[in-house]
Amino acid sequence: MIHFEHVSKRYSEGHDALKDICFTLQTGELAFLTGHSGAGKSTLLKLIMLMEQPTAGHIQVCDQQLTHLGRHEIPFLRRSIGVVFQNHQLLFDRTVFENVALPLQICGYSPQDAARRVRAALDKVGLLDREKMNPLALSSGEQQRVGIARAIVHKPKVLLADEPTGNLDPLLSEEIMRLFEQFNRVGTTVLIASHDLSLIKRMGRRVMTLRSGRLIADG
Ligand code: ADP
Ligand code: ADP
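Per chain, residues are indexed from 1 in the order of the written sequence. Each chain gets a letter, beginning with A, and each ligand a number, beginning with 1, in the order they are written. The model is predicted, so local features are restricted to residues of pLDDT at least 70 and side-chain atom pairs to those at 80 or more, both for listing and for counting; the totals for chains, interfaces and linings are taken over all residues. No hydrogens and no water enter the side-chain calculation; it runs on all heavy atoms of the structure.

The name recorded for the protein chain in an unreviewed UniProt entry is Cell division ATP-binding protein FtsE, from Neptunomonas concharum. Per UniProt, the comment on the protein chain under Function (unreviewed entry) is "Part of the ABC transporter FtsEX involved in cellular division. Important for assembly or stability of the septal ring." UniProt positions are given in the numbering used here, feature names are shortened, and annotations may be inferred rather than shown by experiment. Under Sequence similarities (unreviewed entry), UniProt gives the following word-for-word description of the protein chain: "Belongs to the ABC transporter superfamily."

This is the structure in structure tokens:
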């Protein structure tokens, strides 16, 4: 599902953020990406979601070679990827329902089909009764679950998360991880960047460790 072949990334201002990264994430896998702050976790995720371009190497996502994508193919590939951010990036001038509906509007779903999918996604994260509320009125754990509902509402093949539990206490973090497991169980490929080692350990999954831009452990 995700294949990195000797991938390096150097930002124009600086040193190498990623150096010679090779790995394959199979369809249906759930894996963690860990490492200290500045190790390159966010950069690796940004390469997958086409927010950054590699300086060297090849990346394949959903059987597509990213370097060979035409300008008009990029939005299509982005639709097969769902992204969860640490600060969940919700819009506070809209309801929970409207926030989750955003990716569907971009894809051009009919209002009825969109509403059905939004409610299904909110149901999955246990927030069906909050759809009319403003996200500001929710707890931080609930806000993060809205962010997850928005990331999965268009049924992406790949779910990426960048420090999804960074602002949450251990109990809420565990809850969020169970949600990722739940989506993985029904076939979504999941890659989670996190520096919460104790949480990662409890999950018992594949862990890829970055240090100064190099993949120093994978297993
Ligand atoms: P992590 O997510 O593990 O904290 P990042 O991928 O954010 O690591 O950063 C890896 C390295 O790349 C760091 O040295 C960081 O300062 C640098 N970096 C990240 N984004 C940029 C950018 N837009 N421009 C220049 N350097 C960047
Ligand atoms: P239908 O099969 O009736 O067309 P959908 O395809 O919309 O229904 O969705 C079937 C179920 O899968 C829904 O409950 C939906 O919320 C759920 N679902 C949505 N996204 C994901 C996902 N990323 N992973 C697993 N299940 C999902």
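Following the structure, the description resumes.
1. As for the environment of glycine 166
Helix and strand definitions here come from DSSP, where helices need a minimum of 4 consecutive H or I residues and strands a minimum of 2 consecutive E residues; each element is numbered from the N-terminal end. With respect to the element layout, glycine 166 can be found in the loop between β7 (158-162) and α6 (170-185). A sequence separation of 29 residues divides glycine 166 from histidine 195, and the C-alpha atoms of the two residues are 8.5 Å apart.

2. Focus on the packing of aromatic side chains
Only Phe, Tyr and Trp rings take part, Trp by its six-membered ring, and two of them pair if their centres are within 6.5 Å. Stacked means planes under 30 degrees apart, edge-to-face means over 60, and tilted covers everything else. Summed over the entire model, instances satisfying the criterion amount to 1 aromatic pair. Its end group placed over the ring of phenylalanine 76, arginine 79 keeps NZ or CZ at 4.9 Å from the ring centre. Remark: a charge is flagged as sitting over a ring if the NZ atom of Lys or the CZ atom of Arg is within 6 Å of the ring centre and within 35 degrees of the ring normal.

3. Overview of helix α3 (residues 96-107)
Three- or four-residue spacings in an α-helix give side chains the same orientation, since the helix completes a turn every 3.6 residues. Relative accessible area decides the class of each residue, using a 1.4 Å probe on protein chains only: under 20% of the type maximum gives buried, over 50% gives exposed, and in between gives partly exposed. For α3, every residue scored as buried is listed here: Val96, Phe97, Asn99, Val100, Ala101, Leu102, Pro103 and Leu104. Among the structural elements, α4 (111-124) and α5 (140-152) are those in contact with the buried residues of α3. Glycine 108 sits one or two residues past α3 and shows a positive phi near 80 degrees. The contact definition used throughout considers only heavy atoms, calling two residues in contact when any of these lie within 4.5 Å.

4. Topic: empty space enclosed by the protein
Here a cavity means grid points, on a 1 Å grid over the protein atoms only, where a 1.4 Å probe fits yet cannot get out; a pocket means an open set of points with protein on both sides within 12 Å along at least five of seven lines; lining residues are those with an atom within 4 Å of a point. Grid points are joined across faces, edges and corners, and a volume is the space filled by probe spheres set on the points. In total, this model carries 1 cavity of 30 Å³ or more according to the counting rule given. What the largest cavity holds in volume is close to 70 Å³. Every residue lining the largest cavity is listed: Leu47, Leu50, Glu52, Gln53, Pro54, Ile59, Leu66 and Thr67. Put simply, Ala, Val, Leu, Ile, Met, Phe, Trp, Tyr, Cys and Pro go in the nonpolar bin, Asp, Glu, Lys and Arg in the charged bin, and everything else, Gly too, in the polar bin. Partitioned by chemical class, the residues of the lining of the largest cavity number 5 nonpolar, 2 polar and 1 charged.

5. As for the pairing of strand β8 (residues 189-193)
Burial analysis of β8 places 5 of its 5 residues in the buried class, the great majority of the element. Of the two faces of β8, the one carrying Thr189, Leu191 and Ala193 and the one carrying Val190 and Ile192 are both buried. Taken together, the 4 bridges between strand β3 (residues 30-34) and β8 define a ladder with parallel strand orientation. Note on β8: the bridge partner recorded for leucine 33 is alanine 193. Across 5 bridges, the pairing between β7 and β8 is parallel. Residue pairing in the sheet places aspartate 162 in a bridge with alanine 193 of β8. Handedness rule for crossovers: strands pointing away from the viewer, path from the first strand over the helix to the second running clockwise, crossover right-handed. Once you follow β7 into α6 and on to β8, the crossover reads as right-handed. DSSP-based pairing: two strands are paired if at least 2 bridges between them are found.

6. Re the nonpolar core
For the purposes of this section, nonpolar cores are sets of buried Ala, Val, Leu, Ile, Met, Phe, Trp, Tyr and Cys residues that join through side-chain atoms within 4.5 Å. Core analysis: the largest hydrophobic core is formed by 37 residues, its most contacted members being Val100, Val118, Ile148, Leu159, Phe180 and Ile192. Among the secondary structure elements, those contributing two or more residues to this core are β3, α3, α4, α5, β7, α6, β8 and α7 (197-203). Non-local contacts of valine 100, meaning those with residues more than four positions away in its chain, are made with Val118, Ala121, Leu122, Val146, Ala149, Arg150 and Val153. Core analysis: the next-biggest nonpolar cluster, separate from the first, contains 31 residues, Cys62, Val158, Met208 and Leu210 among them.

7. Points about the sheet that holds strand β5 (residues 64-65)
The antiparallel open sheet is built from 4 strands, whose spatial order is β2-β1-β4-β5. Each edge of the open sheet carries a strand with a single partner, namely β2 (16-25) and β5. Alignment of strand β1 (residues 2-10) against strand β4 (residues 56-61), held across 5 bridges, turns out to be antiparallel. Looking at β4, one finds that isoleucine 2 is bridged to valine 61. Where helix α1 (residues 41-48) meets the sheet, its contacts fall on β1, β2 and β4, and the angle it forms with β1 comes to roughly 120 degrees. Interaxial angles span 0 to 180 degrees and are taken between N-to-C directions of axes, which are lines fitted to C-alpha atoms, for helices over the stretch in contact.

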